[in-house]
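# A closer look at the structure
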Amino acid sequence: RNISERLEGVAERIKQNIIASSIAHFDETGMRIEGKLHWLHVAGTNELTYYMPHQKRGSVATDQIGILPIYGGKAVHDGWKSYFNYGCEHVLCNAHHIRELTFIYEQYAQKWAKSMIDFLLEVKEKREKSRRRGFDPETIKGYENRYRRIITAGVRANPPPVEHGIKRKRGRKKKSKALNLVERLKLYEKATLAFMYDFSVPFDNNLAERDIRMMKVQQKISGTFRSFEGALSFCRIRSYISTVKKQGMNVIAAIQDAFAGDTLLSHLVKT
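This report concerns the structure included in the present document. Bear in mind that the values here come from a model prediction, so they are computed numbers and not experimental data. (Residues numbered from 1 in each chain as written. Predicted model: local features only at pLDDT ≥ 70, side-chain atom pairs only at ≥ 80, totals over all residues. Heavy atoms only, no water.)

What follows deals with the environment of His38. Secondary-structure assignment places His38 in strand β2 (residues 36-44). Distance in space between the C-alpha atoms of His38 and Gln55 is 4.5 Å, their sequence separation being 17 residues. Other than its neighbours up to four places away in sequence, His38 contacts Thr29, Gly30, Met31, Ile33, His54, Gln55 and Phe228. At 3.2 Å, the side chain of His38 and the backbone oxygen of Lys36 are in polar contact. (Helix = DSSP H or I, 4+ residues; strand = E, 2+ residues; numbered from the N terminus. Contact = heavy atoms within 4.5 Å. Polar contact = N/O pair within 3.5 Å; in protein donor to acceptor, adjacent residues only side chain to side chain.)

Next comes the structure, spelled out in structure tokens:
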């Protein structure tokens with residue numbers, strides 16, 4: 001048996017432990033398999049990493065991977081629309097928001113965007129300096145009111161597009177990036193401010209982005225995968241190696257154990 005086959009069981013245990021976790025991070029990125037665009041999906045925690053390749057990016061892939069459809073914890077992600085098809089609690093990446101807000105402020109000089117950046121970073125700093133397990137209700141209420149005032153300013157700065165003339169083209173008038181962003185921040189207020197309500201919730205999705213980055217390095221060095229089976233084997237091995245590293249274990253010893261038997265594999269993931 002090759003190492004990928006030996007790791008099939010531990011990959012499944014990693015997956016099941018992510019499903020059982022209270023907070024999990026999710027992300028995806030393009031990858032080339034047989035010269036065609038596929039998608040690399042990642043789910044992870046501070047101790048676990050699970051990679052899976054798929055032809056699709058959205059719900060079809062997520063359903064088949066089988067984590068989010070039954071996940072009951074807090075899912076941290078960048079707001080890709082298909083994630084909201086699942087009934088878990090959602091947490092949006094504020095590093096992603098800050099990048100978008102910075103663009104809006106620098107390109108269009110919209111002051112509300114700078115106010116939102118300052119607000120998010122202020123709440124993050126206050127949380128980090130707090131000696132309590134959470135903000136008191138009065139503080140939370142004050143922050144919510146500030147957030148909504150900034151959103152109101154953003155809406156005023158970005159009125160919806162107006163139709164001109166008698167004839168109308170089919171479909172909706174395209175909205176600006178700024179309007180799309182402010183509407184998303186308004187709609188997903190709770191998911192954006194999740195880090196404020198629960199101090200165990202991360203401010204961003206950097207964990208998943210780091211896990212993705214390591215796989216992108218491989219793509220740059222080795223290029224496309226020749227077969228889907230090869231990509232699947234690579235993902236299974238990388239899931240194992242990443243999990244081993246996160247748990248502070250020796251990677252070389254872990255790989256040797258994977259070849260030798262199932263002793264380490266049986267105890268790698270906490271149950």
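Right, picking up where we left off after that structure.
Moving on: the packing of aromatic side chains. Applying the stated rule across the entire model yields 10 aromatic pairs. Ring centres 4.9 Å apart and planes at 80° place the aromatic pair Phe135 and Phe199 in the edge-to-face group. One end of the pair, Phe135, is in the loop between α5 (111-129) and α6 (137-157); the other, Phe199, is in the loop between α9 (194-197) and α10 (206-222), and 64 residues separate them in sequence. Accessibility assignment for this pair places Phe135 and Phe199 in one class, buried. Members of the aromatic cluster, joined through ring pairs, are Phe119, Phe135, Tyr143, Tyr147 and Phe199. Between Arg57 and the ring centre of Trp80, over which it is positioned, the NZ or CZ distance is 3.5 Å. The ring of Phe203 carries the charged tip of Lys124 above its face, separated from the ring centre by 5.5 Å. (Phe/Tyr/Trp six-rings, centres within 6.5 Å; stacked < 30°, edge-to-face > 60°. Buried < 20%, exposed > 50% of the residue type's maximum accessible area, 1.4 Å probe, protein only. Lys NZ or Arg CZ within 6 Å of the ring centre and 35° of its normal.)

As a further point, take the environment of Asn250. When you line up the elements, Asn250 lands in the loop between α11 (228-246) and α12 (251-260). Looking at Asn250, its side chain comes within polar contact range of the main-chain nitrogen of Ala253, at 2.8 Å.

With that settled, the discussion passes to empty space enclosed by the protein. A probe matching the size of a water molecule, rolled over the atoms, marks out where space remains unfilled. What the rule picks out here adds up to two cavities of 30 Å³ or more. Every residue lining the largest cavity is counted, 13 residues in all, and those nearest its centre are Phe26, His41, Val42, Thr62 and Ile65. Among the secondary structure elements, those contributing two or more residues to the lining of the largest cavity are β1 (23-33), β2, β3 (49-54) and α3 (59-65). In terms of residue class, the lining of the largest cavity is built from 10 nonpolar, two polar and one charged. (1 Å grid on protein atoms, 1.4 Å probe; cavity = no way out; pocket = protein on both sides within 12 Å on 5 of 7 lines; lining within 4 Å. Points joined across faces, edges and corners; volume = space filled by probe spheres on them. Nonpolar A, V, L, I, M, F, W, Y, C, P; charged D, E, K, R; others polar.)

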